[in-house]
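Breakdown of the fold
So the chains spell out like this:
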Amino acid sequence: DAKTTQPTSMDCAEGRAANLPCNHSTISGNEYVYWYRQIHSQGPQYIIHGLKNNETNEMASLIITEDRKSSTLILPHATLRDTAVYYCIVRVVETSGSRLTFGEGTQLTVNP
Amino acid sequence: EAGVAQSPRYKIIEKRQSVAFWCNPISGHATLYWYQQILGQGPKLLIQFQNNGVVDDSQLPKDRFSAERLKGVDSTLKIQPAKLEDSAVYLCASSLTSGSAYQETQYFGPGTRLLVL
């Protein structure tokens, strides 16, 4: 799986949009971009994933650049409960159950 | 829907002792994963089961770690003997193997925090 690069930490004001960048310049054509987050003392939680089109669900939006070398996770209205480590992962999905390879992620702190 | 259950939540042992962790996946999930998460790092996959067969155990230290999923449901991960560097959170996850990996989401349990003294 391709490696990803994320900032170590970011801060965001409560109620504002949080934009978390991820660089995956060596991504292959068959690799998807996944985002998980991990709130302190809990297991990771799936957020969203995509291939090349932008995606949106009830939790977040995922914007993938046209060349697919980077992406941004957007939390439109961050709350204190969104404070967590956010992991950007690229993953081959040709085979069911292929592994998730986690990096160190971005620690997002939402401030009141 | 009940989530992935793990026990115990915390365990403290001395080095060279043995320890076992238990995981009950979400009902109907055929694929089960064990991850190790050392403080300050992301989770690392140790072993993956599909039903009761091993799919990937390439990162499992087989000289001291073992895992089983005898009836394709619950799973146990064992460490024998434990070393100081095994101090970590052990996470279990499961997924519904639908045949379309694109749709597959891994659901994680709360983890077992192990401290080896």
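Summary of the structure given here. (Residues numbered from 1 in each chain as written. Chains lettered and ligands numbered in written order. Predicted model: local features only at pLDDT ≥ 70, side-chain atom pairs only at ≥ 80, totals over all residues. Heavy atoms only, no water.)

1. Examining the pairing of strand β2 (residues 18–23) of chain A
Residues and elements named next belong to chain A. Where burial is concerned, the two faces of β2 differ: the one with Ala 18, Leu 20 and Cys 22 is buried and the one with Asn 19, Pro 21 and Asn 23 is not. Where β2 and strand β7 (residues 70–75) come together, 6 bridges link them in antiparallel fashion. Residue Leu 20 lies in a different strand from β7, and its bridge partner there is Leu 73. (Buried < 20%, exposed > 50% of the residue type's maximum accessible area, 1.4 Å probe, protein only. Helix = DSSP H or I, 4+ residues; strand = E, 2+ residues; numbered from the N terminus. Pairing = 2+ DSSP bridges.)

2. Some points on the environment of B:Ala82
Residue and element names in this part refer to chain B. Among the secondary structure elements, Ala 82 is positioned in the loop between β8 (75–79) and β9 (88–95). Between the alpha carbons of Ala 82 and Val 116 there is a distance of 7.1 Å; along the sequence they are 34 residues apart. Not counting the four nearest positions on each side in its chain, Ala 82 is found in contact with Ile 13, Lys 15, Arg 16, Gln 17, Arg 64 and Val 116. (Contact = heavy atoms within 4.5 Å.)

3. Side note on the environment of A:Arg91
All names here are of chain A. The topology assignment puts Arg 91 in strand β8 (residues 84–92). Arg 91 gets classed as buried once you look at its relative accessible area, which sits at 1%. Separated by 60 residues in sequence, Arg 91 and Glu 31 place their C-alpha atoms 5.0 Å apart. Only 3.2 Å separates the side chain of Arg 91 from the side chain of Tyr 34, close enough to count as a polar contact. (Polar contact = N/O pair within 3.5 Å; in protein donor to acceptor, adjacent residues only side chain to side chain.)

4. Overview of the state of the cysteines
Cysteine pairs can be covalently joined through their sulfur atoms, and such a bond is termed a disulfide. One pass over the structure, following the stated rule, counts 2 disulfides over all chains. Disulfide pairing places A:Cys22 opposite A:Cys88 at an S-S distance of 2.1 Å. Residues A:Cys22 and A:Cys88 share a disulfide whose torsion about the S-S bond is about -80°; that sign makes it left-handed. Residue A:Cys22 is located in strand β2, and its partner A:Cys88 is located in strand β8; the two are separated by 66 residues in the primary sequence. The residue that forms a disulfide with B:Cys23 is B:Cys92, at a sulfur-sulfur distance of 1.9 Å. (Disulfide = S-S within 2.5 Å.)

5. Points about the pattern of salt bridges
All names here are of chain B. Under the counting rule described, the total for this entry stands at 3 salt bridges over all chains. For Asp 57, the salt bridge is made with Lys 62, and the minimal N-O distance between the two is 3.8 Å. In this structure, Asp 86 and Arg 64 form a salt bridge, with 2.5 Å as the shortest nitrogen-oxygen distance. Of this pair, Asp 86 sits in the loop between β8 and β9 while Arg 64 sits in the loop between β6 (53–56) and β7 (65–68), and the two are 22 residues apart along the sequence. Taking the relative accessible area as the measure of exposure, Arg 64 reaches 11% and is therefore buried. (Salt bridge = Lys/Arg side-chain N within 4 Å of Asp/Glu carboxyl O.)

6. A look at a nonpolar patch on the surface
Residue and element names in this part refer to chain B. There is a patch of nonpolar side chains on the surface, built from Ile 12, Leu 115 and Leu 117 and spanning about 300 Å² of accessible area. Mapped onto the fold, Ile 12 is located in strand β2 (residues 10–13). Residue class for Ile 12 comes out exposed when judged on its relative accessible area of 59%. (Patch = residues over 30% accessible without salt bridge, like charges linked within 9 Å, V, L, I, M, F, W, Y side chains within 5 Å. Areas by Shrake-Rupley, 256 points an atom, 1.4 Å probe, with all protein chains shown as cover.)

7. A closer look at the sheet that holds strand β1 (residues 5–7) of chain B
Residue and element names in this part refer to chain B. Reading across the sheet, the 4 strands line up as β1-β3-β8-β7 and stay open at both edges, with antiparallel pairing between neighbours. On the outer flanks of this sheet lie β1 and β7, each paired with one strand and no other. Across this sheet, the average inter-strand angle for adjacent strands is 15°, counted without regard to direction. (Axes fitted to C-alpha atoms, helices over the stretch in contact; angles between N-to-C directions.)

8. Let's talk about the packing of aromatic side chains
All names here are of chain A. Summed over the entire model, instances satisfying the criterion amount to 10 aromatic pairs over all chains. With 5.7 Å between their ring centres and 75° between their planes, Tyr 36 and Tyr 46 make a pair best called edge-to-face. Residue Tyr 36 is located in strand β3 (residues 31–38), and its partner Tyr 46 is located in strand β4 (residues 45–50); the two are separated by 10 residues in the primary sequence. With a centroid separation of 6.0 Å and an interplanar angle of 70°, the aromatic rings of Tyr 36 and Phe 102 are classed as edge-to-face. One end of the pair, Tyr 36, is in strand β3; the other, Phe 102, is in the loop between β8 and β9 (106–111), and 66 residues separate them in sequence. A single burial state applies to Tyr 36 and to Phe 102, both of which are buried. (Phe/Tyr/Trp six-rings, centres within 6.5 Å; stacked < 30°, edge-to-face > 60°.)

9. Considerations on the side chain of A:Ser71
Within the secondary structure layout, A:Ser71 lies in strand β7. If we ignore the near neighbours within four places in the chain, the residues touching A:Ser71 are A:Leu20, A:Pro21, A:Cys22, A:His24, A:Val33, A:Trp35, A:Leu62, A:Ile63, A:Ile64 and A:Cys88.

10. Considering the sheet that holds strand β1 (residues 9–13) of chain A
All names here are of chain A. Across the sheet, 5 strands lie side by side as β1-β9-β8-β3-β4; this open sheet has mixed pairing. A strand with exactly one partner marks an edge of an open sheet, and here the two such strands are β1 and β4. The sheet shows a mean angle of 25° between the axes of neighbouring strands, taken without regard to direction. Looking at chain direction, β3 and β8 are connected through 8 bridges and run antiparallel.

So far we have only geometry, and geometry alone does not tell us how the molecule works.
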